[in-house]
Each structure stands twice: as structure tokens, then as C-alpha cells.
Amino acid sequence: MFFVMNGYCQSKITEGRIIFKICPKDSIKDDNYDTLKCEEVVNWFKGKKARRDGYKIHNQEVIYIHDGDSNTEIQMETRNGIRIAGVSKNDKGYYGTFTISKYSYKYLNETKTICGYKCYKAEVTNNKDTLKTYVYYTKDINVSRPYYYKDLFKGLKGFPMEWNFYFDGGYATTIVKVIFNEKVDDNVFEVPKDYKVFYVDKKMK
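What counts as what
Residues numbered from 1 in each chain as written. Predicted model: local features only at pLDDT ≥ 70, side-chain atom pairs only at ≥ 80, totals over all residues. Heavy atoms only, no water. Helix = DSSP H or I, 4+ residues; strand = E, 2+ residues; numbered from the N terminus. Buried < 20%, exposed > 50% of the residue type's maximum accessible area, 1.4 Å probe, protein only. Contact = heavy atoms within 4.5 Å. Areas by Shrake-Rupley, 256 points an atom, 1.4 Å probe, with all protein chains shown as cover. Core = buried A, V, L, I, M, F, W, Y, C linked by side-chain atoms within 4.5 Å. Salt bridge = Lys/Arg side-chain N within 4 Å of Asp/Glu carboxyl O. Polar contact = N/O pair within 3.5 Å; in protein donor to acceptor, adjacent residues only side chain to side chain. Disulfide = S-S within 2.5 Å.

Asker: So what exactly am I meant to see when it comes to the overall build of the protein chain here?
Answerer: When helices and strands are tallied, the protein chain shows 0 helices and 15 strands. For the protein chain, the residues scored as buried account for 42% of the 205 residues in total. For the protein chain, the share of sequence-separated contacts (at least 6 apart) that also reach a separation of at least 24 residues comes to 52%. On the protein chain, roughly 12000 Å² of surface is accessible, and the fraction owed to carbon and sulfur atoms is 48%.

Next comes the structure, spelled out in C-alpha cells:
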């Protein structure tokens, strides 16, 4: 296992894990934004396959797996003590019919070090909101952006390492905690045998 720690590694990372730490503002309402209350979100990636752990819906962890070869999305969770995995086609991509915000950036001179990398700050605005947020990005690593973040900060001049977003009742900050450049076993992207599998689109059977 190789642990990425400095800005001298320029090789492209196409397989491994990226762990994001989520720091919610205390003012976020208790009955909303379960995803912002996660301590960590782990993104596995290998070729066209991706997996995300740590995501929460109604305080229950949900695991997402994407397979770019078969163009399918798997959602694994536990309901009433039963582990289930819903399989669906993903023809429209992860965001489906949602319209993605268009971002514009104002690049600043402010810098900070994250995970050993020099990161630059940019002020972010989008076409859907008047609130300005920020992102710190690095130019020193070449990481394949995880599938579930592939549309995040399009056009940014580097890899996003820290950013914040505003929501009703507060905001949250997401920061890269660690990047692992390592081999990933294929079974990470498979549904365990103790899950009951059902197909959202019955024609997939």
C-alpha cells in the first residue's frame, strides 16, 4: 500500500481510496441533512467501478456501487433488520435528470497545506445560488476524481481538497483526509451474499 503524502507524486492514480471528512456546522437542523452528519465518507475507485461508504439517509448508512461497464447502480442498505440491494440502470448518469450547477471561480493568493499538499483557494459561485463558497485545490497530484464527485467543480484548475456548501440552517465543510494509492479487490464492488437483491427495472433480470 502506498500512502500519498507529498506533492512530488505526479503519476495518475486510477485505483484506490479517498476518504473525505465532513464537518457540519452545529446549526444544521437535526431532522435534515443526514449526509452532512457523517464523520467520514469513503470512496473506492477502480477503472469504471466506484463505491461510496458512509452516506446516510434517515440516520441509516447506505452504500452505493456504480459499475460503468454494465452501466448499473446498486444501493445497499438495511431495512427492518433485512439487508437489501436495489439494482437499477443508470443511463442518465449519477445525477439523472438533475441540472448540474455551472460554477465560476475567482482564484485567490491564499494557500494552506492539506495532507501534505500545497493547496490554493478559489472563491466559487454558481448559476443557481447567490451565496459564495470556497474550495481549496492542489495542482500537485493527478487523482482520478471519484465517480460520485465527477461533476463537482468542473473546470477547476486542480483536484478539490476542501470545500464548503451552504444549506438551510447551516453549512458543512468537506475535506480530504487521506488518499490511498493501492490495489482494490474486485469484491469491494460486489453485493455480499447476505443481501437480498431486487431489480428496480424488472427487465434487468
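Asker: Even after reading the chapter, I still don't get the nonpolar core, so can you show me in this structure?
Answerer: As a rule of thumb, nonpolar side chains are buried together in soluble globular proteins. Ranked by size, the top nonpolar core spans 33 residues in total, and within it Ile18, Val143, Phe153, Met161 and Ile179 carry the most contacts. Counting residues per element, the ones that place at least two in this core are strand E3 (15-24), strand E4 (40-46), strand E6 (60-67), strand E9 (103-114), strand E10 (117-126), strand E11 (129-138), strand E13 (159-167) and strand E14 (170-181). Formed by 10 residues, the second largest nonpolar core is a distinct cluster that contains Ala85, Val184, Val188 and Phe189.

Asker: Whenever I open this one, the pattern of salt bridges confuses me. Can you help?
Answerer: Oppositely charged side chains are able to pair whenever their charged atoms sit close together. Across all of its chains, the model carries 11 salt bridges by this definition. One salt bridge in this structure joins Glu110 and Lys121, with 3.6 Å as the shortest N-O distance. Separated by 11 residues along the polypeptide, Glu110 in strand E9 and Lys121 in strand E10 bring together distant segments of the chain. Overall, Glu110 belongs to the partly exposed group, its relative accessible area being 38%. Between Asp151 and Lys154 there is a salt bridge, with its nearest N and O atoms 3.2 Å apart. Note on Lys154: relative accessible area 53%, which makes it exposed. Linked through salt bridges whose partners overlap, the residues forming this network are Glu15, Lys46 and Asp186.

Asker: Even after reading the chapter, I still don't get the side chain of Glu15, so can you show me in this structure?
Answerer: Looking at the element boundaries, Glu15 is found in strand E3. With a relative accessible area of 14%, Glu15 lands in the buried category. Within the local environment of Glu15, its side chain forms a polar contact with the backbone nitrogen of Val184, the two atoms lying 2.8 Å apart. When neighbours within four sequence positions are excluded, Glu15 is seen to be in contact with Phe45, Lys46, Phe180, Asn181, Glu182, Lys183 and Val184.

Asker: Help me out: how do you make sense of the environment of Gly155 in this one?
Answerer: Mapped onto the fold, Gly155 is located in the loop between strand E12 (142-143) and E13. For the pair Gly155 and Lys102, spaced 53 residues apart in sequence, the C-alpha to C-alpha distance is 9.5 Å. Residues contacting Gly155, with those up to four places away along its chain left out, are Tyr105 and Tyr107.

Asker: When you look at the side chain of Asn164 in this model, what are you seeing that I'm missing?
Answerer: Relative to the helices and strands, Asn164 resides in strand E13. Asn164 sits in the buried class, given a relative accessible area of 5%.

Asker: Explain the state of the cysteines here, please?
Answerer: In a disulfide, the sulfur atoms of two cysteines are covalently bonded to one another. Scanning the entire structure with this criterion turns up 0 disulfides. Considering cysteine sulfurs only, Cys119 is the nearest to Cys115, which forms no disulfide, with 8.0 Å between them.

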